[in-house]
Structure formats: C-alpha cells, structure tokens
Amino acid sequence: MRASAVSTMLSRRRCFAAAANRIRPLARAFCDAPASRADAASGGAPGSQGCTTQEIGGVKAAPDVLDVAIVGGGMVGLAVACALSNTPLTKHLRVGIIDSNPALKSRNHLTKNGIPDSRVSTVTPATISFFKDIGAWEHVQQQRHAFFGKMQVWDYTGLGYTRYNARDVGKEYLGCVVENKILCNSLLLRLQEELDDIESVIYPTRLVSLTFPSKSRQAGMKPASSEQSSVGHATEELHRSNLVKLDLSDGRSLYSKLVIGADGSKSNVRQIAGIKTTGWNYPQSAIICTVEHVVENDCAWQRFLPSGPIALLPVGNNFSNIVWTMSPEESLRHKSMSPEEFVKSVNHALDFGYGPHPSSSALDHYMEQLFSGIGNTAASTKECFEVPPKAIGVVSERMAFPLSLMHSHDYVSKRLALVGDAAHTVHPLAGQGVNLGFGDAAALAKVIAEGVSVGSDVGDLTLLQRYEKDRKAVNVAMTAVLDGFQKLYSVDFGPLNIVRAAAFHGAQYISPLKRNIISYAMGDTKLPIFS
C-alpha cells in the first residue's frame, strides 16, 4: 500500500472519531473507515465486501475475518445483507453469507412465462417500501408479481363478511403476492450490483459450530497506551480472540464481530447459542399449491372453515395461490387426491361448502345507519359479497407443512442477533410471517448503521438490544393477534359463531375500525383498535 493512501485513511479515521467524540483503537476494527474509490485504485481497501484483504496502518485483515456473518441466505438473510450494502455508513463492512443452497448461484431475471411456484409471500406496502429503499424492488417489478387492491373475508356460517379496499385508506393496493424465489433473486441481483465480487461474499457451505469469545480472554487484553502502539501490537490472533469463530462444514473457519442467525425456525445459530423459546404446535397443517382460472383474479379471498381458513391469492395472469389450513389427516388426504377431486374440493370450500353465502339483513342495514356518522364512510362499506373465481385446474405440486407458533426469549446476545423465523414464527392466516422478518432486517441494519456512525462495535450487546427492543414489541403483538384469530375461528360453537359474526359486521360497517385494521395489516405498528 502506498504511504499516501495509508496517510489518507488514518486521517479520515481520526476526523471520523473526533466528530463522534470517541476514539477507538485501530487494532479493534479492520473495516471501520470506508475508503474512497481512489484509495481502492491505489491499493487500499475497496469500499465493498468483495475485498479479500484490507490493511489499516500495516495490520492486515485476513479473508476469514468478517464484520458481519449472516447464517442463512433466504429472503430475510439476503435482505439484511442488501440493506447493509446499500447504506453509506455500512457498505464498507465485510459481510459473509453462509448457506449451501445452490439457488444462490442463480442471479438472472426469471421469466414471467410458465407456472408460478406454490411458495409465495404476500408482501405489505411497508415491505415494498423497504425493498425500494435498498434498490431491490425494481428487480421484482421485472419479474412476475401481482398487486391486489381488494380483499374479502367471510365465515362458513354465512352470518357475516368483510370487504376491504385500498381506497379505504387512500392507497393503490393492499399488498403484492410474489413468489419466494423471485424475492430472493431480486435481492441477489441487487447485491450483485453493489458488490465488486459477490462470489467472495457467499460461502456455499453449512455452519457446524460457533465459539464465542470468553470473558477471561477479553479481560486479559491490555489497552494500548496510544493509537500507534495499538496498531503495532495488533496481531491476527489478538483480533480473533475477541470475535466469534464459525466452523463450517467444508473445513474452513471464519471469525466475525457479529453473527446474524437468519436460518429459519429450526435455527442452528439459536440452538448453539442456547437461546430458549416459547411456543406450541397447532393441530393443523397448511397445504399450498397453484391453481388456474378462466379469468384473471385481482382480489385476495379468505374464508374461515371449521378446520381452518382457506385463502385464494392472485399471483398474476389467470393463476392463484391456495393456502388451505386443515387437520394433518385432511392435508394428507388432499395431497393424495386426483387433480380433479382436489379442484372440486377447493371450489366447494370457497363457495357453498360448509354453509351458505352471507346475505344482507335488517341487521346490516341497522349497523350501516348506526355507524354512518362515525368518520368518513369507507369505500368498501357498501360493497356486496362476491363469489371467488372458480378454479379449473391445479397446476403445481401440492405441498403440506405443519403449523406452529414460536418466539425466542431473546433476539440478541453479545455478538449475536436473530432475525425472521429464527426469532419468531406465526400462524400463516394473515400472511404476516415474512413481513415481520423483513421488518427485523430493516431494523437491525438501521441499528448497525447507527452504531457505526458513533464508532461502536457492531457486536456490542447494548447496541443490539436497541434492535431487540424495537422489534420484540411489534412481533409479540402480531403473534398474539394471529394466535387469537386462530383460536377464535377454530371452534364451532353457537354463541361464539354469533360473536364472530358481530366482529365481521363491525369490521364491515365501522369505518374507523376498518381503516385501522387495513393500516395494521399493511405494516402500521399501531394495533387496530377502534379510534
């Protein structure tokens, strides 16, 4: 490295630290000061994760040393990486993504032709805004996706229904249904745009073990008397003693200031870290698949049946996605049905099966008159019940998976953070699971950037606890709401049926309540209470 480049980098570091009123020894951070393009050209550390070796004051950061190691390259893990790479304060951080999924090698726009995959997510406007902020949404738009501006929810008893419309809250859409593989692909494409060498960031292997730094080793590190002596004394071994060691299945080991567990509900990271969880299995499974219609579907439909809800979600062209909750025994039976029998069962469940269509009554007219003076009347209040479009064929594999609720007691510990399903899983009846995960990704990336701005260690527990405080309250509230709905609609009992009908009528005719429900489902963190 040329002397001028080293001088420039050290000068920037001193100015940066002085502005923050905090001076950190250089020996404790390999990548804390981002370098300019000119520095990179002259042999200094490039401002991207694609570098192999960085050097500050003569101390080299080996390729196996990271600032952030993300275990799990699914939608949420990739979203964290993408958010960090798109934020000026954090784009210089050395980030690694550890996942053996071969799909991470696919980084081309997927064709809009063909049959949609059965694994989809309903992303909210809040998630879409996050994707726009990190530059990934433009890639989603170039691939298959389906916005919807209307939704209808009703009960099998025929006692009530609720219609929702994006116009009720002055929006163009309520959400967008996107295949999971397209969300992942869009994030990868954006990462590829931001990084010089994305291949050096992705480790196609599995995590075997984590070793956290012991307090005794941290306590035994002697503080340097000056910045220069700190640089001179720093060695790779000394640096690594204060980092998390990640042993990988390919025999390699990495060291990182922060490990992010984004490896799903059965998180290996969470289990190794010894973080406890609370939860239970529901006596239900969900069967998912893609069906075809004669006409295009532009509405999201959900009907609550005795065994659980069935949802029909638009996925573009004449296709819709089915998410049908039922008992495990019924799910096995529906998986083994002939395609013709399954389509007949779907149409039965979404039409006259189990009970009549809701119809207008004197109660509807009374409630409409009673609440018409409370705020501006929502556009969907006067919309009548509609029958969903009939399926004419099942065009994908039918997949079934058990349903459960899980919530981690802690989201963070020293040098560790959990995001997405690794921290919490919820019932899929409102399609909120992945949106909670993307909320985690946005919040964690923001907290890391705030830490970098004042010279904090990105693995510092006090810093990470700000992320936990922000997200735990939101996630617990949504988990409780969804669990309550699951329990409320899983019992066929006369008086309870009447209570459910009253809830549908209230949501249909009390416009302020309806707007709050819509806003909450779209990503507003305020609970949908009557106000």
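Residues numbered from 1 in each chain as written. Predicted model: local features only at pLDDT ≥ 70, side-chain atom pairs only at ≥ 80, totals over all residues. Heavy atoms only, no water.

S.K.: Account for the packing of helix H14 (residues 433-453) against helix H15 (residues 461-488), with residues named and values stated.
M.R.: The geometry of H14 relative to H15 is characterised by a closest axis approach of 9 Å and an angle of 160° between their N-to-C directions. For the element pair H14 / H15, the angle class is roughly antiparallel. By crossing handedness, the relation of H14 to H15 is classed as right-handed. Within the contact between the two elements, H14 uses Leu-436, Gly-439, Asp-440, Ala-443, Leu-444, Val-447, Glu-450 and Gly-451 and H15 uses Leu-463, Leu-464, Arg-466, Tyr-467, Asp-470, Arg-471, Asn-475 and Met-478. (Axes fitted to C-alpha atoms, helices over the stretch in contact; angles between N-to-C directions. Helix = DSSP H or I, 4+ residues; strand = E, 2+ residues; numbered from the N terminus. Parallel < 35°, antiparallel > 145°, perpendicular 65-115°, else oblique. Left-handed = near helix turned anticlockwise from the far one by under 90°. Contact = heavy atoms within 4.5 Å.)

S.K.: Tell me about the confidence of the model for the protein chain, and name the residues and values.
M.R.: Predicted coordinates in regions of low pLDDT should not be interpreted in detail. Looking at the protein chain, the pLDDT average stands at 83 and 79% of residues meet or exceed 70. Ignoring residues within four places in sequence, the model shows residues 216-234, a span with pLDDT below 50, making 25 contacts including any to other chains. (pLDDT = per-residue confidence, 0-100.)

S.K.: Account for the pairing of strand S7 (residues 150-155), naming residues and giving values.
M.R.: Relative to strand S8 (residues 161-165), S7 runs antiparallel, the two sharing five bridges. Counterpart to Lys-150 in the pairing with S8 is Asn-165. Connecting S7 to the next strand, S8, in antiparallel fashion are five residues, including Gly-158 with a positive phi near 80°. Here S7 runs beside strand S15 (residues 299-305); their pairing, made up of six bridges, is parallel. Residue Asp-155 lies in a different strand from S15, and its bridge partner there is Phe-304. (Pairing = 2+ DSSP bridges.)

S.K.: Please set out the sheet that holds strand S5 (residues 120-123) residue by residue, giving values where relevant.
M.R.: Strand order in this open sheet of three strands is S5-S9-S6, and the pairing throughout is antiparallel. Every other strand in the sheet has two partners, leaving S5 and strand S6 (146-148) as the edge strands with one partner each. The mean inter-strand angle of the sheet, taken between neighbouring strand axes irrespective of direction, is 25°. In this structure, S6 lies alongside strand S9 (residues 175-179), joined through three bridges in antiparallel fashion. Its bridge partner lying in S9, Ala-146 is registered against Val-177.

S.K.: Requested: an account of the nonpolar core, with residues and values cited.
M.R.: Phe-131, Leu-246, Phe-438 and Tyr-467 are the most contacted members of the largest nonpolar core, which totals 74 residues. If sequence neighbours within four positions are ignored, Phe-438 has contacts with Met-75, Val-76, Ala-79, Val-123, Thr-127, Phe-130, Phe-131 and Leu-183. By size, the runner-up hydrophobic cluster in this structure holds 23 residues, among which are Cys-299, Ile-322, Met-326 and Ala-349. (Core = buried A, V, L, I, M, F, W, Y, C linked by side-chain atoms within 4.5 Å. Buried < 20%, exposed > 50% of the residue type's maximum accessible area, 1.4 Å probe, protein only.)

S.K.: A description of helix H6 (residues 180-194) should follow, citing residues and the corresponding values.
M.R.: When the terminal C-alpha atoms of H6 are compared, their 22 Å separation across 15 residues agrees well with the 21 Å that a helix rising 1.5 Å per residue should span. Most of H6 is tucked away: 11 of the 15 residues are buried. If you check which residues of H6 are buried, you get Asn-180, Ile-182, Leu-183, Cys-184, Asn-185, Ser-186, Leu-187, Leu-188, Leu-189, Arg-190 and Leu-191. (Expected span 1.5 Å × (residues − 1).)

S.K.: Describe the pairing of S9, listing the residues and the values that go with them.
M.R.: The element S9 is largely enclosed, with a buried count of five among its five residues. Going residue by residue along S9, you find Gly-175, Val-177 and Glu-179 tucked away on one face and Cys-176 and Val-178 tucked away on the opposite face as well. Sheet analysis places S5 next to S9, joined by four bridges and oriented antiparallel. Note that in S9 the partner of Ser-121 across the bridge is Val-178.

S.K.: Explain helix H4 (residues 125-133) to me, using residue names and the numbers behind them.
M.R.: Owing to its 3.6 residues per turn, the α-helix brings residues three or four apart onto one side. Of all the positions in H4, only Pro-125, Thr-127, Ile-128, Phe-130 and Phe-131 are classed as buried. Downstream of H4 by one or two residues, Gly-135 has phi in the positive range, about 80°.

S.K.: Mind laying out the side chain of Arg-163, listing which residues take part and the relevant values?
M.R.: If you trace the backbone, Arg-163 turns up in strand S8. There is a polar contact of 3.0 Å between the side chain of Arg-163 and the side chain of Glu-383. With near-sequence residues (within four places) excluded, Arg-163 lies in contact with Lys-150, Met-151, Gln-152, Trp-301, Ser-380, Glu-383, Cys-384, Glu-386, Gln-508 and Lys-514. (Polar contact = N/O pair within 3.5 Å; in protein donor to acceptor, adjacent residues only side chain to side chain.)

S.K.: Break down the pattern of salt bridges for me, with residues and values.
M.R.: Following the criterion strictly, the structure yields 20 salt bridges and no others. Here Lys-390 makes a salt bridge to Asp-351, at a shortest N to O gap of 3.1 Å. One end of the pair, Lys-390, is in the loop between helix H13 (362-371) and strand S18 (393-394); the other, Asp-351, is in the loop between helix H12 (339-350) and H13, with 39 residues separating them in the sequence. (Salt bridge = Lys/Arg side-chain N within 4 Å of Asp/Glu carboxyl O.)

S.K.: Could you give an account of the packing of aromatic side chains, naming the residues involved and the relevant values?
M.R.: Considering all chains together, one arrives at nine aromatic pairs under this definition. Taking 5.1 Å as the distance between ring centres and 80° as the angle between the ring planes, the aromatic pair formed by Phe-131 and Phe-438 counts as edge-to-face. Of this pair, Phe-131 sits in helix H4 while Phe-438 sits in helix H14, and the two are 307 residues apart along the sequence. Residue Phe-438 is classed as buried on the basis of its relative accessible area, which comes to 2%. Centre to centre, the rings of Trp-324 and Phe-342 are 6.4 Å apart; their planes meet at 50°, and the pair counts as tilted. Pair noted here: Trp-324 is in strand S17 (residues 319-326) and Phe-342 is in helix H12, with a separation of 18 residues, a long-range link. (Phe/Tyr/Trp six-rings, centres within 6.5 Å; stacked < 30°, edge-to-face > 60°.)

S.K.: Mind laying out a nonpolar patch on the surface, listing which residues take part and the relevant values?
M.R.: A contiguous nonpolar surface patch, about 290 Å² in accessible area, is contributed by Val-294, Val-295 and Ile-392. In this fold, Ile-392 is placed in the loop between H13 and S18. (Patch = residues over 30% accessible without salt bridge, like charges linked within 9 Å, V, L, I, M, F, W, Y side chains within 5 Å. Areas by Shrake-Rupley, 256 points an atom, 1.4 Å probe, with all protein chains shown as cover.)

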